[in-house]
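# Structure at a glance
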Amino acid sequence: MAKTRIGPEEFQRPLRRLLVAIAVLLLLGLFLLWRVDSPRVERFRAALIDAVVPNLDWAMRPVTVAAGMIDDFQSYTRIYEQNQELKRELQQMKAWKEAALQLEQKNARLLDLNKVRLDPKLTYVTGVVMADSGSPFRQSVLLNVGERDGIRDGWATMDGIGLVGRISGVGARTARVILVTDSNSRIPVTIQPSGQKALLSGDNSPLPPLDFIEDTDEVRPGDRVVTSGDGGVFPAGLLVGQVALGTDKRLRVVLAADYQRLEFLRVLRSHALEPITDPGNLVAPPLLSPLPDTSAETLESAAGAQPTGTEGGDVEASGSGLAEGAASEAGDG
């Protein structure tokens, strides 16, 4: 007869059942023990807890260490995020610092310009820019001031810093301003500090060129350009811009006025020159007697003229009078 082999699973199955039964009994006993409300059982529970819990520190230590590591990792993550945010804020602060420095320099330049008074007689009327021409062939804007505000043709306009143009066309309530960049604009200017005279000619570009410079060797990029006042077109000393070298190797002007944001313009009241009514100490040329007319027509007209009887009588009368005067002088003698 063949022998039947007994595997290890047949021994493990009853052992597992026994252990499960013992665990169930222990848990049931603990449950009943904790549910019993008796002073004796309460003392037993307290003694059991005092005996078991302090001896479980070694078992709780890994859990405590793991919880601490998790807290530290979360804290490190928060610190890293805060560090990245601080770096971004630092970069923004650097950009703001650069912008603040540029604004400070610009403010200093504007304050320096505001200290300059060109002419105490120059006053101005401020107007709002309502519209522009929008044409590539004509550079002009329209202001909301006109004849009712005393505006006249030819007066200069500024944006508070630099020259913008001149009044060309005045209505009752509006006025048109031809910009410096317009192709019809010609402005006599002075280049400082060399004092060279030139003509600023508009060519519908943001950088108008300088023409008819007396001596180009005396002019450098960065020189200041102001109005010269020649011809009475504009008052002298109005800031126009700075000299720059264009891509076409021509000397051009970087305008001081901000043409991208023309919102308010100042129209300068330029008082006309008073006419001279009294020559005073002016040296005049000596008066010369007119030369006789010797033309052929004059001679022919004089030869063809015949004396009249009245004229002859006048001559005879005048001749007899002279004779009588001579005879009286002879008798006296």
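Below is a short write-up of the structure. Starting from 1, residues in each chain are numbered consecutively following that chain's sequence as written. Owing to the predicted nature of the model, reporting of local features is limited to residues with pLDDT of at least 70; listing and counting of side-chain atom pairs is limited to 80 or more, with chain, interface and lining totals taken over all residues. Only heavy atoms go into the side-chain values, all of them from the structure, while hydrogens and water stay out.

## A word on unusual backbone geometry
With omega at 10°, the peptide bond leading from Gln 192 into Pro 193 counts as cis. Tracing the backbone through its elements, the reader meets Pro 193 in the loop between β6 (186-192) and β7 (196-201). With a phi angle near 55°, Phe 212 is a residue other than glycine that sits in the positive phi range. The helix count covers DSSP runs of H or I at least four residues long, the strand count covers runs of E at least two residues long, and both are numbered beginning at the N terminus. Looking at the element boundaries, Phe 212 is found in the loop between β8 (210-211) and β9 (224-227).

## Quick look at the pairing of strand β10 (residues 239-245)
Summarising the sheet, β9 and β10 pair through 3 bridges and their orientation is antiparallel. Along β10, the bridge assignment pairs Arg 224 with Gln 242. Relative to strand β11 (residues 251-255), β10 runs antiparallel, the two being bridged by 5 bridges. If you follow Ala 244 over to β11, its bridge partner there is Arg 252. Here, a strand pair is defined by DSSP locating no fewer than two bridges between the strands. In this antiparallel pair of consecutive strands, β10 and β11, the connection spans 5 residues, and Lys 249 shows a positive phi of 65°.

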